[in-house]
Amino acid sequence: MVKAKVGEAGGKISFKDLAEWAKNTEIGSLFVLYAIVKDMIDQGELVALEGYEELPELMMWQAPKVVALPQVAQGAKPKEEESKSEEVKLREVEEEMSLEEYGKTLEEEAERPKLEIDIESLDEDLKKALSYLSEYWSVGEIRFKLDLRRLGVQDPDKVLYKLLNMGVIDLTPSGVVNLKVELPKIKKGPSLVGFI
């Protein structure tokens, strides 16, 4: 329906004109039109010719200034970088890279920075928490506190806040403690195997 309207308008139309037309159709809402146009741009069915602009009617979301059919856009020489969505750019980069290169790139991005603190200089409660996190790098906040108590930590809340301030962990709004740095192997206390 939207693609047909763009075609009727000569292959390109301003988003504002498209919004005026959409008011009198099944689309009705500016937000629905925005979602449709965004999906069509992401799928390569439409192109944003002149970049994007913030629209107060869309709560300052950025809508394309002018949309066009891809075949019309090729003749109009659009600003290539502005007209492509991030997803389309990512797909193009993935296609250009081999699978191995892409995997290496993802691994590099996923690597965590190493902890730059002397663990031996920390108090026992922090050592216990770091040892725990070296094994369980993503855990619910409640489970984290309960397990620290079982390990003999007197004030798990205090330890949690110290780790947050040190930048070792982050705490999500949903209550998940995630390790942000790579920890060195931490020696655990003596085990029965060591005595045999």
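Cut-offs applied
- Residues numbered from 1 in each chain as written.
- Predicted model: local features only at pLDDT ≥ 70, side-chain atom pairs only at ≥ 80, totals over all residues.
- Heavy atoms only, no water.
- pLDDT = per-residue confidence, 0-100.
- Helix = DSSP H or I, 4+ residues; strand = E, 2+ residues; numbered from the N terminus.
- Contact = heavy atoms within 4.5 Å.
- Phe/Tyr/Trp six-rings, centres within 6.5 Å; stacked < 30°, edge-to-face > 60°.
- Pairing = 2+ DSSP bridges.
- Axes fitted to C-alpha atoms, helices over the stretch in contact; angles between N-to-C directions.
- Parallel < 35°, antiparallel > 145°, perpendicular 65-115°, else oblique.
- Left-handed = near helix turned anticlockwise from the far one by under 90°.
- Nonpolar A, V, L, I, M, F, W, Y, C, P; charged D, E, K, R; others polar.

Let us look at the confidence of the model for the protein chain. The pLDDT averaged across the protein chain works out to 75; a share of 68% of its residues lies at or above 70. At the level of individual helices and strands, the protein chain shows its lowest average pLDDT in helix α5 (residues 80-83), which scores 45, and its highest in helix α9 (residues 141-150), which scores 94. Predicted confidence for residues 77-83 stays below pLDDT 50, and this span has 11 contacts to residues more than four positions away or in other chains.

This model, assessed by the stated rule, comprises 2 aromatic pairs. Geometrically, the ring pair formed by Tyr 132 and Tyr 136 is tilted, given 5.0 Å between the ring centres and 45 degrees between the ring planes. Linked through ring pairs, Tyr 132, Tyr 136 and Phe 144 together constitute an aromatic cluster.

Looking now at the sheet that holds strand β5 (residues 66-68). With respect to topology, 3 strands assemble into an open sheet ordered β1-β5-β2, the strand pairing being antiparallel. What marks the edges here is a single partner per strand, and that holds for β1 (12-14) and β2 (47-48). As defined by bridge partners, β2 adjoins β5 across 2 bridges and the pair is classed as antiparallel. Residue pairing in the sheet places Ala 48 in a bridge with Val 67 of β5. Along the sheet face, helix α2 (residues 15-23) touches β1 and β5 and points at about 85 degrees away from the line of β1.

Within the fold, Phe 144 resides in helix α9. For the pair formed by Phe 144 and Val 177, sequence separation is 33 residues and the distance between their alpha carbons is 7.6 Å.

Here the focus is the packing of α9 against helix α10 (residues 156-166). Following both chains from N to C, one finds α9 and α10 inclined at 120 degrees, their axes separated by 9 Å at the closest point. By the angle class used here, α9 and α10 are oblique. You can see that α9 and α10 cross each other, and the crossing is right-handed. Contacts between α9 and α10 pair Glu 141, Phe 144, Lys 145, Leu 148 and Arg 149 from the former with Pro 156, Asp 157, Val 159, Leu 160 and Leu 163 from the latter. When its residues are assigned to classes, the contact of α9 with α10 shows 6 nonpolar, no polar and 4 charged.

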